[in-house]
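Breakdown of the fold
If you want the building blocks of each chain, they are given just below.
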Amino acid sequence: MPLADILKPQDNSAAVYFPIAARSDKSNEFDWEIVNRFFVGELFSISANDKKLAQFQLRCKEHFLNKISDPAMWDVVEKIYFAKRGIKNIAPEMQIFCGSWTEDANPAPANRIVNVLMTLLGTLHLKPPVDAKLNFIEKEIRSAFQAEFKPEKSMVKGSAPIPYLPPLAEVLSADLHYLLSKQHYFLAHLSHLLRFYVFIYTCQIALSINGWKDGEPQKLKDCYFILDNEKASKERSMLRERGWKQVEKGIESLFPVLAMNESLQDKEQGIVPLWALYPNLTDDVLSKLIGYAVDFAKKRNLNFEPANITSLDEALSALLDLSKRQFYKGETRAAAGNKFIDFTKSALCSNFTRVRGSAGKVFVIDQEYLLLLTNLAIGEQGKLRLHELIIEFQKRGVFFDRESQTALVEFYERLGNVERLSDSGDAVYVKATI
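Residues numbered from 1 in each chain as written. Predicted model: local features only at pLDDT ≥ 70, side-chain atom pairs only at ≥ 80, totals over all residues. Heavy atoms only, no water.

1. Things to note about the pattern of salt bridges
Using the criterion set out here, one finds 20 salt bridges in the structure. Between Arg85 and Asp50 there is a salt bridge, with its nearest N and O atoms 3.0 Å apart. Taken as a pair, Arg85 in the loop between α3 (72-81) and α4 (107-121) and Asp50 in helix α2 (residues 50-65) lie far apart in primary sequence, 35 residues in all. Classification of Asp50 as partly exposed rests on a relative accessible area of 39%. Note that Arg59 is salt-bridged to Glu148, the shortest N-O span being 2.7 Å. Within this pair, whereas Arg59 is found in helix α2, its partner Glu148 is found in helix α5 (residues 136-148), the two being separated by 89 residues in sequence. Residue class for Arg59 comes out partly exposed when judged on its relative accessible area of 46%. The exposure class assigned to Glu148 is partly exposed, which follows from its relative accessible area of 27%. A network of salt bridges, in which partner residues are shared, links Asp175, Glu392, Lys395 and Arg396. (Salt bridge = Lys/Arg side-chain N within 4 Å of Asp/Glu carboxyl O. Helix = DSSP H or I, 4+ residues; strand = E, 2+ residues; numbered from the N terminus. Buried < 20%, exposed > 50% of the residue type's maximum accessible area, 1.4 Å probe, protein only.)

As structure tokens, this is what we get:
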């Protein structure tokens, strides 16, 4: 993971590790149905388009007409499963029929989201589950689908990208495996899963982006939420200081740091996180970094004095400072930087933020996402002690203070999935709802 052979100032790009583009509203309009399509395609190494769907429909028609005595039955099958693409809800792999293929559809933003998710999943490749509980017609359609849509690439992919957040990569992989074992739940909640993980990824990379000297992240940072029916006050310090406020500050550094990280490396050899690049740099590249900083400052019309830089730490810090300064108010790239920040907040975070009186803006988990998170955290175990469940939430980037933990128990009790073996808090078990 060396530096690129030639370092020269170029257009800013953070696309390898982040999906937001600092260009226009349309370039950040994420259609989550299209995200589903691309994601499932990557997961199972298959793809589809309008032409393939039409061809598949004809193959299905031939398949059914050979098996049924009444040709009119095909009209019923076609109306139920093809007219409105109901086939996408037959099995997980058939989610490749999600989303619009019309001329005004905008797949590029969805593709960027999936590319970032795949940096978390690396070489993960899953086979579609075989024990689908389908009716006769659905079994026949799925059988025809599997004959028509074969994996398009080797089960063994190339070298895995290094995820920026390995702890998050680990739980995402585990949650995907579990969700696939519950096929109908997968079909109903795939979009929720992906939106949640893209949001948590945004929060956690914002919190760790300036900690590149600390090396590989070993666990996720504290980030506090409340339930959507809770009230909040400014006295809840954990929520106020370790919630939206700290993430918002980190978002300001995302584009400058990620863009500088990419500009230092050769994309053909693969981009790695700055925390992975840094320890592999040696003193013999110091002059190269200083020279790049001089050229960068000159092209961006920024003041810079290289004379006092004597170490790699100082050189990298200077480059990152220059990258941040180019987006300061009054600089030529200020508008682009502000767009990136605004799009990140609105497109990726707005579903999970609310303004709550004196507490200001806070992170909120609503009932739908809380149930999904609960079921993922419990998984195949069926039930967990409350404190074990809280730990599993934290592994997924969601932290609750004591007031929220109390509200959490009340929520589960209303839902009816709590077992109390005694009055002790440790004897409270939460059961999965699947």
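Next comes the rest of the write-up.
2. Section: the packing of aromatic side chains
If you walk through the whole model with that rule in mind, you get 26 aromatic pairs. Geometrically, the ring pair formed by Phe255 and Phe327 is tilted, given 5.4 Å between the ring centres and 45° between the ring planes. With Phe255 in helix α9 (residues 244-263) and Phe327 in the loop between α12 (312-325) and α13 (334-349), this residue pair connects regions lying 72 residues apart in the sequence. Of the two residues, Phe255 and Phe327, neither departs from the other in class, the shared state being buried. Counting every residue linked through ring pairs, the aromatic cluster contains Phe196, Tyr197, Phe199, Phe225, Trp244, Phe352, Phe363 and Tyr369. Positioned above the aromatic ring of Phe296 is the side chain of Arg300, whose terminal nitrogen or guanidinium carbon lies 4.5 Å from the ring centre. (Phe/Tyr/Trp six-rings, centres within 6.5 Å; stacked < 30°, edge-to-face > 60°. Lys NZ or Arg CZ within 6 Å of the ring centre and 35° of its normal.)

3. Some points on the sheet that holds strand β3 (residues 361-365)
On the basis of which strands lie adjacent, the open sheet formed by four strands has the order β2-β3-β1-β5 and mixed pairing. Bordering the open sheet on either side are β2 (353-355) and β5 (399-400), each of which pairs with just one other strand. Summarising the sheet, β2 and β3 pair through three bridges and their orientation is antiparallel. Considered in β3, the bridge of Arg354 is made with Val362. (Pairing = 2+ DSSP bridges.)

4. Digging into the side chain of Ser263
By secondary structure assignment, the location of Ser263 is in helix α9. When sequence neighbours within four positions are dropped, the list of residues in contact with Ser263 reads Leu7, Gln10 and Tyr292. (Contact = heavy atoms within 4.5 Å.)

5. Topic: the sheet that holds strand β7 (residues 428-431)
On the basis of which strands lie adjacent, the open sheet formed by three strands has the order β4-β7-β6 and antiparallel pairing. Each of the sheet's edge strands pairs with one partner strand only, and the pair in question is β4 (383-385) and β6 (418-420). Across the sheet, the axes of successive neighbouring strands diverge by a mean angle of 25°, strand direction being ignored. Looking at chain direction, β4 and β7 are connected through three bridges and run antiparallel. Note on β7: the bridge partner recorded for Leu384 is Val430. Against the sheet, helix α15 (residues 386-395) contacts β4 and β7, and its axis sits at roughly 100° relative to β4. (Axes fitted to C-alpha atoms, helices over the stretch in contact; angles between N-to-C directions.)

6. Re the pairing of strand β1 (residues 224-227)
Alternating positions in β1 separate into two faces, Tyr224 and Ile226 on one and Phe225 and Leu227 on the other, with burial throughout. As paired strands, β1 and β5 are joined by two bridges and run parallel to one another. Across the sheet, Tyr224 pairs through a bridge with Phe399, a residue of β5. One ladder, built from three bridges, connects β1 with β3; its direction is parallel. Across the sheet, Ile226 pairs through a bridge with Val364, a residue of β3.

7. Observations concerning the nonpolar core
Formed by 147 residues in total, the largest nonpolar core has its most connected members in Phe56 and Phe393. Here the element with the most residues in this core is helix α7 (residues 183-208); it accounts for 16 residues. In this structure, Ala232, Leu239, Ala359 and Phe399 belong to the second largest nonpolar core, which totals eight residues. (Core = buried A, V, L, I, M, F, W, Y, C linked by side-chain atoms within 4.5 Å.)

8. Quick word on α9
Residues that lie three or four places apart on an α-helix share one face, since the helix turns once every 3.6 residues. Compared with the 28 Å implied by 1.5 Å per residue over 20 residues, the 29 Å span of α9 between its first and last C-alpha is a close match. Maximal helix bending in α9 amounts to about 35°, located at Ser253; proline Pro256 follows within four positions. Extensive coverage of α9 is indicated by the burial of 15 of its 20 residues. (Expected span 1.5 Å × (residues − 1). Bend = angle between axes of the 7 residues up to and from the residue.)

9. Some thoughts on α3
Among the residues of α3, Trp74, Val77 and Tyr81 are the ones counted as buried. Along the axis of α3, the buried positions cluster into a sector of 60°, meaning they face one direction only. Exposed side chains of α3 directed beyond 90 degrees from the buried face belong to Lys79 and Ile80. Next to the buried residues of α3 lie α2 and α5. (Arc of directions from axis to C-beta.)

Scope: geometric values only; no functional claims are made or implied.
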